[in-house]
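Geometric and topological summary
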Amino acid sequence: MRPFWLEQALALENEAPCEALAGETRAQVCIVGGGYTGLWTAIMLKEQSPELDVVLIEADICGAGASGRNGGCALSWSAKYFTLERLFGVEEAVRLVKASEQSIYAIGAFCERYGVEADYRLDGTLYTATNQAQIGSTDGVIAALERQAINSFSKLAVDDVQRRAGSAQHLEGWFSPAAASVQPGKLVRGLRRVALQLGVKIHENTPMTGLEEGAPALIRTPGGSIRADRVVLAMNAWMARAFPQFEGSVAIVSSDMLITEPRPDLLQDIGLTSGVTVLDSRIFVHYYHNTPDGRIMLGKGGNTFAYGGRMLPVFDQPSPYAGLLGKSLEQFFPAFAGVGIEATWNGPSDRSVTGLPFFGQMSSHGNVFYGFGYSGSGVGPCHMGGQILTSLVLGLANDWTRSPLVNGPLGFFPPEPIRYLGSLMVRNAIRRKERAEDHGRRPRHLDVRLARFAAAAGKADKG
């Protein structure tokens, strides 16, 4: 079963998969992974160096991983400013906020330039509070953005927030125009089409079975091999299993989503008529937006944790949290209580310790590059990832190759079973804390303390 977005995108294009690799081949650059990161890198390489011989291999079909099943919220890093400043200093934090907003606009410009119909709607985002405890929690980071003259958020009157968000659940809201919503499956399949158009050779159903370092490096697959001068590993959540040195760098956790049947009449009634993305102030946030054909997509992060970074079968099945998602949908939108659910799904998210991705080079020959750890917020930042990896592959000296983002993991989780048991303990504490806050009760002190361990999981820094 394919997730809803990917299934919808595949039905529209009706194209056969690219042939699996058979035999031995040679390439200047081999990219492993056909999601956003790998495809943006391939496209940017060909745009900057059209003569470059680029081969991309994908274990399934392009977009089968997180890129074809995420929530479709293209967000910047502006609300993560405190984290950026703490890790990288003021100057780089300011640069990254600006660059992350530019990437949102650049995705739209790309879709326009290449005729990619990805339902890209530059209608901004609302960061909201849905209980009294959440009110004011975003004020600190907005004030910090203001001090640096990089703030795109404005506070809206409560009735304006509720009208734009289509729900009376919201008690406070900050709006930024620097955000978009997309149909993720259509975007990733559009990237695939453009990559092929630019001359990238793509082999789908071609997993990497081995990587032998060297100059050139050797990438082994079930049906052949590729000798490549430079290699880009764009495998995201799959990296930790493939390379033991990264095992503790991410925790694999699901984000779960549902999508309703089309009811454009009800969307009109409740006022959710733009493509605005809406996120509450929980640690494992609710996020939602409508679709151009009149549906609501609603998701929630932080549900199923994978022991040892394994890819669980449940990640390719309907969400086991369908009941929870349905209840949230009804709370936000009572008018949708009787509307059918078209599909539910989930998928693995590679959460890093900081909540930010990291990049680097991992071969003694200096020719194997990687980037992952998007932590459930990859739609916009993967465009930055493409710029970083392209710069590394081409050996450029620029702001991206000088960025501390390219210094590898910025922290590790404890080893198993501590990571898994600790993750469940923190998740359950967060649930108890937020349930208490929803009912106007003071949460237990221990739950508040445990919840702090997952502060990086939120979409916005609390200050």
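Procedures and definitions
- Residues numbered from 1 in each chain as written.
- Predicted model: local features only at pLDDT ≥ 70, side-chain atom pairs only at ≥ 80, totals over all residues.
- Heavy atoms only, no water.
- Helix = DSSP H or I, 4+ residues; strand = E, 2+ residues; numbered from the N terminus.
- Rg over C-alpha atoms; globule rule 2.2 N^0.38 Å.
- Buried < 20%, exposed > 50% of the residue type's maximum accessible area, 1.4 Å probe, protein only.
- Contact = heavy atoms within 4.5 Å.
- Lys, Arg positive; Asp, Glu negative; His and termini not counted.
- Charge placed at Lys NZ, Arg CZ, Asp CG, Glu CD.
- Pairing = 2+ DSSP bridges.
- Axes fitted to C-alpha atoms, helices over the stretch in contact; angles between N-to-C directions.
- Disulfide = S-S within 2.5 Å.
- UniProt positions renumbered as here; feature names shortened; annotations may be inferred.
- Core = buried A, V, L, I, M, F, W, Y, C linked by side-chain atoms within 4.5 Å.
- Polar contact = N/O pair within 3.5 Å; in protein donor to acceptor, adjacent residues only side chain to side chain.
- Phe/Tyr/Trp six-rings, centres within 6.5 Å; stacked < 30°, edge-to-face > 60°.
- Lys NZ or Arg CZ within 6 Å of the ring centre and 35° of its normal.
- Salt bridge = Lys/Arg side-chain N within 4 Å of Asp/Glu carboxyl O.
- Expected span 1.5 Å × (residues − 1).
- Parallel < 35°, antiparallel > 145°, perpendicular 65-115°, else oblique.
- Left-handed = near helix turned anticlockwise from the far one by under 90°.
- Nonpolar A, V, L, I, M, F, W, Y, C, P; charged D, E, K, R; others polar.

Another aspect to go through is the overall build of the chain. Helix and strand content of the chain: 13 helices and 18 strands. For 463 residues, the compact-globule estimate of 2.2 N^0.38 gives 23 Å, and the C-alpha radius of gyration of the chain, at 21 Å, lies within 12% of that figure. Put simply, the chain has 463 residues, and 60% of those count as buried. Nonlocal contacts in the chain, meaning residues at least 24 apart in sequence, comprise 77% of its contacts between residues at least 6 apart. Positive and negative charge centroids in the chain, built from 44 and 45 side chains respectively, lie 6 Å apart.

Time to look at the sheet that holds strand β16 (residues 341-352). Ordered in space as β5-β6-β4-β13-β14-β15-β12-β16, the 8 strands form an open sheet in which the pairing is mixed. The open sheet has two edge strands with one neighbour each: β5 (154-155) and β16. The pairing of strand β13 (residues 277-279) with strand β14 (residues 286-290) spans 2 bridges and is antiparallel. Opposite L279, over in β14, you have Y287 as the bridge partner. Along the sheet, helix α1 (residues 4-13) contacts β12 (250-260), β14, β15 (296-305) and β16; its crossing angle with β16, the most-contacted strand, is approximately 115°. Here helix α6 (residues 158-165) sits on the sheet in contact with β4 (125-129), β6 (172-176), β13 and β14, set at roughly 120° to β4.

A separate point is the state of the cysteines. As enumerated under the stated definition, the model contains 0 disulfides in all. Summary of cysteine pairing: C18 is not part of a disulfide, and the nearest cysteine sulfur, belonging to C62, is at 6.4 Å.

What follows covers the UniProt feature "domain: FAD dependent oxidoreductase" (unreviewed entry) in the chain. With numbering matched to this structure, UniProt assigns "domain: FAD dependent oxidoreductase" (unreviewed entry) to residues 29-391. Helix makes up 30% of residues 29-391 and strand 26%, with an end-to-end C-alpha separation of 13 Å.

Glancing now at the nonpolar core. One finds Y81 and F110 to be the most contacted residues of the largest nonpolar core, which totals 78 residues. Ranked by residues supplied to this core, first place goes to helix α4 (residues 90-114) with 10 residues. By size, the runner-up hydrophobic cluster in this structure holds 29 residues, among which are V231, M362, Y370 and F372.

Position of S403 among the secondary structure elements: in the loop between α11 (381-394) and α12 (418-438). Exposure remark for S403: the relative accessible area of 2% places this residue in the buried category. Polar contacts involving the side chain of S403 include one to the side chain of E92, which spans 2.7 Å. Leaving out residues up to four positions away in the same chain, S403 has contacts with E92 and R95.

In this fold, Q361 is placed in strand β17 (residues 358-361). Each C-alpha atom of the pair Q361 and T125 lies 34 Å from the other, and the pair is 236 residues apart in sequence. The residues touching Q361, leaving out its near neighbours within four places in the chain, are G366, N367, V368, F369 and Y370. Among the polar contacts made by the side chain of Q361, one reaches the main-chain amide nitrogen of V368 at a distance of 3.5 Å.

Let's shift gears to unusual backbone geometry. Of note, the bond from A215 into P216 is cis; its omega dihedral lies within 30 degrees of zero at 5°. Looking at the element boundaries, P216 is found in the loop between β9 (210-212) and β10 (217-221). Of note, the bond from E416 into P417 is cis; its omega dihedral lies within 30 degrees of zero at 5°. Mapped onto the elements of the fold, P417 is located in the loop between α11 and α12.

Right, let's talk about the packing of aromatic side chains for a bit. Per the counting criterion, the structure on display carries 16 aromatic pairs. Centre to centre, the rings of Y288 and F333 are 4.9 Å apart; their planes meet at 80°, and the pair counts as edge-to-face. Of this pair, Y288 sits in strand β14 while F333 sits in the loop between α10 (322-332) and β16, and the two are 45 residues apart along the sequence. Under the relative-accessibility criterion, F333 is labelled buried at 1%. One aromatic cluster is present, built from ring pairs that chain together F246, F358, Y370 and F372. The lysine or arginine in question, R95, covers the ring of W400, its NZ or CZ lying 4.4 Å from the ring centre. A cation over a ring is seen here: R164 above F175, with NZ or CZ 4.8 Å from the ring centre.

Looking now at the pairing of β4. Two faces, one strand: in a regular strand the side chains alternate between the faces of the sheet. Counting buried positions along β4 gives 5 out of 5 residues, so the element sits mostly inside the fold. Alignment of β4 against β6, held across 5 bridges, turns out to be antiparallel. Note on β6: the bridge partner recorded for Y127 is W174. As judged from the 3 bridges shared by β4 and β13, these two strands associate in the parallel manner. When the bridges of β13 are listed, L126 appears paired with V278.

The final tally for this structure, using the stated rule, is 26 salt bridges. In this structure, the salt-bridge partner of R163 is D160, at a minimum N-O distance of 2.4 Å. Here the residue R163 and the residue D160 both occupy positions in helix α6, the gap between them amounting to 3 residues, near one helical turn. Look at the salt bridges and you will find they share partners, linking E13, E15, R189, R192 and E204 into a network.

With 25 residues, α4 ought to run about 36 Å at 1.5 Å a step, and its terminal C-alpha atoms sit 36 Å apart, in line with that. Two residues or fewer past α4, G115 is found with a positive phi of approximately 65°.

Two numbers describe how α4 lies on helix α7 (residues 184-197): the axes approach to 11 Å, and their chain directions differ by 55°. As summarised for this structure, α4 and α7 are arranged oblique, according to the angle between their axes. Seen along the crossing, α4 lies across α7 with a hand that is left-handed. Between α4 and α7, the residues in contact are I107, F110, C111 and Y114 and L187, L191, R193, V194 and Q197, respectively. In the contact of α4 with α7, the residues fall into 7 nonpolar, 1 polar and 1 charged.

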